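Topology and contacts: notes
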Amino acid sequence: MTNLFIRTPMEAKALRASPFKTEDEFERMIFDTPDLLGDISLITRQIRSGNKHGIPDIIGVDSDGNVCIVELKNEAVDSSIIPQVLNYAFWAETNPDSIKTLWLEWDDKPDDIVVTWEKLQVRIIVIAPSVLRSTLDLVDKINYQVDLIEVKRWVAGDENEILSVNKLEQETKGQTKPVSGMPQYDETYYKTIYNSTSVDHFMKYARDLDQYVKKQNWDLEVKFNKYYCGFKVGFFNAFGIAWIGTKSFAFFLMLPKDQAETVDIAMSRYETQWKRALYNIEPGKTKIQEFKRLFELAYKKLGGE
């Protein structure tokens, strides 16, 4: 049994575990707290589709334009959950028009996300208070991106809640099997959709930023996605470089707007949907060191020291 404590200079105070009473309460908390899922925007709860028996709890899209099937269980889950969510994935792939209708009717859809409806990519998200580790072994054998996420609630005092979010990761076991249909987001891929010279500049800034992060001894993982290169803690981005056109790109920092504005650097724009500040990069002129304070703020926001 895990025990959590808040430690102050005066005392260490135990937190009280507060499991969700019902699956509906658990689901409403996830839907109303979308920041828990990083780059995933949630469209709607409880999809209903005619006489279909297999319906996902929540559907959304991520920053790569993948349709996300989110299944929640207010109980410990094991590998038996995988056949169930695979049925949801098959439903999504065979009913793209149903999902497209939801997308078009969604008032808050991100302007910079493109979903390729003709060749839908599906991502599966399973959320539960605990997930048996052997479930990862089955996930590794299927051709979908699957995220297994543990979410637990703790209470401090009468009002304050603390949510622990843990994404299960498979331990490295030699060569990782490539996932069918999932593109490799690298320089070669980028040059198929972005300006070739701009890709060269983008990759140089990504390498330079990676070197900067390493020099700071920051515990961040770099990951290339379709629309950006992100520096992450777990599956939450701290900052990175995002494409904003076929030739242009910008630094992005996951910061509240008022906090980003405390630094004396002109912001290009603020994207409320993703809660990120954008600063256009002018290749050869924009310097990483100029953004040192912003990078520090974004890293510390995710608990970095």
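Residues numbered from 1 in each chain as written. Predicted model: local features only at pLDDT ≥ 70, side-chain atom pairs only at ≥ 80, totals over all residues. Heavy atoms only, no water.

**Topic: the pairing of strand S8 (residues 145-156)**
The two faces of a sheet get side chains in turn, since along a regular strand they alternate between them. Applicable threshold: The classification of residues rests on relative accessible area computed with a 1.4 Å probe and restricted to protein chains. Under 20% of the type maximum is buried, over 50% is exposed, and intermediate values are partly exposed. Working definition: helices are DSSP H or I runs of at least four residues, strands are E runs of at least two. Numbering for both runs from the N terminus. A pair of strands is considered paired only if DSSP assigns at least 2 bridges between the two.
Of all 12 residues in S8, 11 are buried, a share of seventy percent or more. The pairing of S8 with strand S9 (residues 160-167) spans 8 bridges and is antiparallel. Paired with Glu150 across the strands is Asn166, a residue of S9.

**Remarks on the sheet that holds strand S15 (residues 276-280)**
Put simply, the rule reads: Axis definition: a line fitted to C-alpha atoms, limited for helices to the stretch in contact. Angles are taken between N-to-C directions and run from 0 to 180 degrees. Note on contacts: a residue pair is in contact if any heavy atoms of the two residues lie within 4.5 Å.
Strand order in the open sheet made by the 6 strands is S10-S11-S12-S13-S15-S14, with antiparallel pairing throughout. Edge positions in the sheet fall to strand S10 (221-224) and strand S14 (269-271), since each of these pairs with one other strand and no more. Pairwise comparison of adjacent strand axes, ignoring direction, gives a mean angle of 25 degrees for this sheet. Of the pairings in the sheet, the one linking strand S12 (residues 236-243) to strand S13 (residues 249-253) comprises 5 bridges and is antiparallel in character. The residue of S13 that forms the bridge with Trp243 is Phe249. Relative to the sheet, helix H6 (residues 196-215) contacts S10, strand S11 (228-233), S12 and S13, its axis offset from that of S12 by approximately 155 degrees.

**What about the nonpolar core?**
Filter applied, for reference: By nonpolar core is meant a set of buried Ala, Val, Leu, Ile, Met, Phe, Trp, Tyr and Cys residues that side-chain atoms within 4.5 Å join together.
Core analysis: the biggest nonpolar cluster contains 44 residues, and Leu209, Phe239, Ile241, Phe251, Leu253 and Phe295 have the highest contact counts within it. Of all the secondary structure elements, the ones that give two or more residues to this core are helix H5 (187-193), H6, S11, S12, S13, S15 and helix H8 (292-301). In terms of residues, this core owes the most to one element, H6, which gives 8 residues. In contact with Phe251, not counting residues within four places along its chain, are Tyr205, Leu209, Gly240, Ile241, Ala277, Leu278, Tyr279, Ile281, Thr286, Ile288, Phe291 and Phe295. Core analysis: the next-biggest nonpolar cluster, separate from the first, contains 34 residues, Ile81, Val85, Ala92 and Leu168 among them.

**Looking at the pattern of salt bridges**
So the rule is basically this: Take a side-chain nitrogen of Lys or Arg and a carboxyl oxygen of Asp or Glu: if they are within 4 Å of each other, that pair is a salt bridge.
Going through the model one piece at a time under the given rule, you end up with 18 salt bridges. Between Glu71 and Lys73 there is a salt bridge, with its nearest N and O atoms 3.6 Å apart. Residue Lys73 is classed as buried on the basis of its relative accessible area, which comes to 18%. Here Arg123 and Asp147 are joined by a salt bridge, their closest N and O atoms 2.7 Å apart. Linking Arg123 in strand S7 (residues 122-128) with Asp147 in strand S8, this pair joins segments that are 24 residues apart in sequence. The exposure class assigned to Arg123 is buried, which follows from its relative accessible area of 7%.

**Some points on the confidence of the model for the chain**
What counts, and what does not: The pLDDT score gives, residue by residue, the confidence of the prediction method on a 0 to 100 scale.
In the predicted model, the chain carries a mean pLDDT of 86, and 90% of its residues have values of at least 70. When the criterion is pLDDT under 50, residues 48-52 qualifies, and its contacts beyond four places in sequence or with other chains add up to 5 contacts.

**Observations concerning unusual backbone geometry**
Positive phi values are uncommon outside glycine, yet Asn217 reaches one of about 60 degrees. Its location among the elements puts Asn217 in the loop between H6 and S10. Exposure remark for Asn217: the relative accessible area of 69% places this residue in the exposed category.

**So, the environment of Ala238**
Topologically, Ala238 is positioned in strand S12. Its relative accessible area of 0% is what places Ala238 among the buried residues. A C-alpha to C-alpha distance of 8.3 Å links Ala238 and Leu220, two positions 18 residues apart in sequence. Not counting residues within four places of it along the chain, the set of residues in contact with Ala238 comprises Leu220, Phe231, Lys232, Leu253, Met254, Ala298, Tyr299 and Leu302.

**Here we look at the packing of aromatic side chains**
The condition is simple: For this analysis, a ring pair means two rings from Phe, Tyr or Trp (six-membered ring only for Trp) whose centres lie within 6.5 Å, classed as stacked if their planes differ by under 30 degrees, edge-to-face if by over 60, and tilted for the remaining angles. Whether a charge sits over a ring comes down to the Lys NZ or Arg CZ being within 6 Å of the ring centre and within 35 degrees of the ring normal.
One pass over the structure, following the stated rule, counts 27 aromatic pairs. Centroid distance Tyr279 to Phe291: 5.7 Å. Interplanar angle 70 degrees. Geometry classified as edge-to-face. One end of the pair, Tyr279, is in strand S15; the other, Phe291, is in the loop between S15 and H8, and 12 residues separate them in sequence. The residues Tyr279 and Phe291 share a single accessibility class, namely buried. The ring of Phe252 has Arg276 lying over it, and the distance from NZ or CZ to the ring centre is 4.9 Å.

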